[in-house]
Amino acid sequence: LNKPQFYNGSAWTDFGNGTFVVDSLVIAGGGGAGDGGGGGAGGLHNTFGSESSGGGASSRTYNAMFTGENYEVTVGGGGSGSSGNGSNGSSSKFYNFEASGGGGGGAASSVGKAGGCGGGGGWSDNVVRAGGAGTTNQGYAGGSGGTGSQGGDGGDNNAPPMHPGEP
């Protein structure tokens, strides 16, 4: 019909002139694992009322959008794993919400990288390596690596990290 429409649950309906509401879920690309720690998940923004956003934040306010306007959408890719430090994931964006890419996991003797959710810290025979910081209201920090060969977990959107030796 050469005009934008939406499905209202039972029929296709034309967009009217003016404003409409859009709920969104924006998740960035996850970080790549290093040889010592796991990659962190991509940051998360959510506007659907019954679900939380990342890092324990409540859902965001929906997007009020206007017919006839163009809106930026960017889908971030995941970071690559490595035999050293993993790389961070790329950011994703929808309208006014931008989610940060996940932090790369640390090498055996390195800390995890900061990101939407932090990368896990590496491990060393005698030193505990910290996990990378998460982005406020998007995700949690990565877990610390342990002594021996216990790499830290990458950070998660909805649960604080577990550390080596925890159940």
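Bear in mind the structure is a predicted one, so any value in this text is a computation, not a measurement.

What follows concerns the overall build of the protein chain. Of the regular secondary structure elements, the protein chain holds 0 helices and 9 strands. Each principal axis of the C-alpha atoms in the protein chain carries an extent, and together these give about 65 × 25 × 25 Å. Across the 167 residues in the protein chain, those meeting the buried criterion constitute 35%. When contacts within the protein chain are restricted to residue pairs at least 6 apart in sequence, those whose partners lie at least 24 apart make up 47%. In the form shown here, the protein chain has an accessible surface area of approximately 8,400 Å², with 49% of it arising from carbon and sulfur atoms. With 5 positive and 11 negative side-chain charges, the protein chain shows a separation of 7 Å between the mean positions of the two kinds.

Here the focus is the side chain of Q138. Looking at where Q138 falls in the secondary structure, it is placed in the segment after β9 (97-99). Residue class for Q138 comes out buried when judged on its relative accessible area of 6%. Ignoring any residue separated from it by four or fewer positions in sequence, one finds Q138 in contact with G43, L44, H45, G54, G55, E98, A99, S100, G116, C117 and N157.

Attention now goes to the sheet that holds β9. The strand order across the open sheet built from 3 strands is β7-β8-β9, with neighbouring strands paired in antiparallel fashion. Strands at the two margins of the open sheet, each flanked by one partner only, are β7 (73-74) and β9. The sheet contact formed by β7 and strand β8 (residues 92-94) spans 2 bridges and is antiparallel. Residue pairing across strands places T74 opposite K93, the latter belonging to β8.

Detailed reading of the predicted coordinates is not advisable wherever pLDDT is low. Averaged over all residues, the pLDDT of the protein chain equals 86, while 93% of them reach at least 70. Looking at the elements of the protein chain, mean pLDDT is at its lowest for strand β3 (residues 19-22), recorded as 77, and at its highest for β8, recorded as 95.

Moving on to unusual backbone geometry. Even without glycine at this site, Y95 takes up a positive phi of about 55 degrees. Within the element layout of this structure, Y95 appears in the loop between β8 and β9. Non-glycine residue N137 carries a positive phi angle of around 65 degrees. Its place among the elements puts N137 in the segment after β9.

With that settled, the discussion passes to the pairing of strand β6 (residues 63-66). Only one face of β6 is buried: it carries N63 and M65, and the other face, with A64 and F66, is open. By the bridge criterion, 4 bridges tie β3 to β6 in an arrangement that is antiparallel. When the sheet's bridge partners are listed, F20 is paired in β6 with M65.

By size, the foremost hydrophobic cluster in this structure holds 7 residues: V22, V26, A28, M65, F94, F97 and A99. Other than its neighbours up to four places away in sequence, V26 contacts G43, L44, H45, S92, K93, F94, F97 and A99.

We now examine the environment of V73. Position of V73 relative to the elements: it lies in strand β7. Separated by 79 residues in sequence, V73 and G152 have C-alpha atoms that sit 32 Å apart. In this structure, V73 is in contact with K93 and F94, ignoring residues within four places of it in sequence.

Further remarks concern the environment of Y140. Among the secondary structure elements, Y140 is positioned in the segment after β9. For the pair formed by Y140 and N158, sequence separation is 18 residues and the distance between their alpha carbons is 7.5 Å.

Cut-offs applied
Counting restarts for each chain, with residues numbered from 1 along the sequence as it is written. Thresholds applied to this predicted model are a pLDDT of at least 70 for local features of residues and 80 or more for the giving and counting of side-chain atom pairs; totals over whole chains, interfaces and linings are not thresholded and use all residues. To obtain the side-chain values, all non-hydrogen atoms of the structure were included, while hydrogens and water were left out. Numbering goes from the N terminus for both helices and strands, where a helix is a DSSP run of H or I of at least four residues and a strand is a run of E of at least two. Accessible area is worked out with a 1.4 Å probe on protein chains only. A residue is then buried under 20% of its type maximum, exposed over 50%, and partly exposed in between. Residue contacts are defined here by distance: any two heavy atoms, one from each residue, within 4.5 Å place the two residues in contact. Here the open area of atoms and residues is found with the Shrake-Rupley method and a 1.4 Å probe, where only the protein chains shown may cover a residue. Positive: Lys, Arg. Negative: Asp, Glu. His and the chain ends are not part of the count. In plain terms, the charge of a residue is placed at NZ if it is Lys, CZ if Arg, CG if Asp and CD if Glu. Strand pairing is defined by DSSP finding a minimum of two bridges between the two strands. As a per-residue measure, pLDDT tells how confident the predictor is, with possible values from 0 to 100. What we call a nonpolar core is a set of buried Ala, Val, Leu, Ile, Met, Phe, Trp, Tyr and Cys residues that are connected through their side-chain atoms within 4.5 Å.

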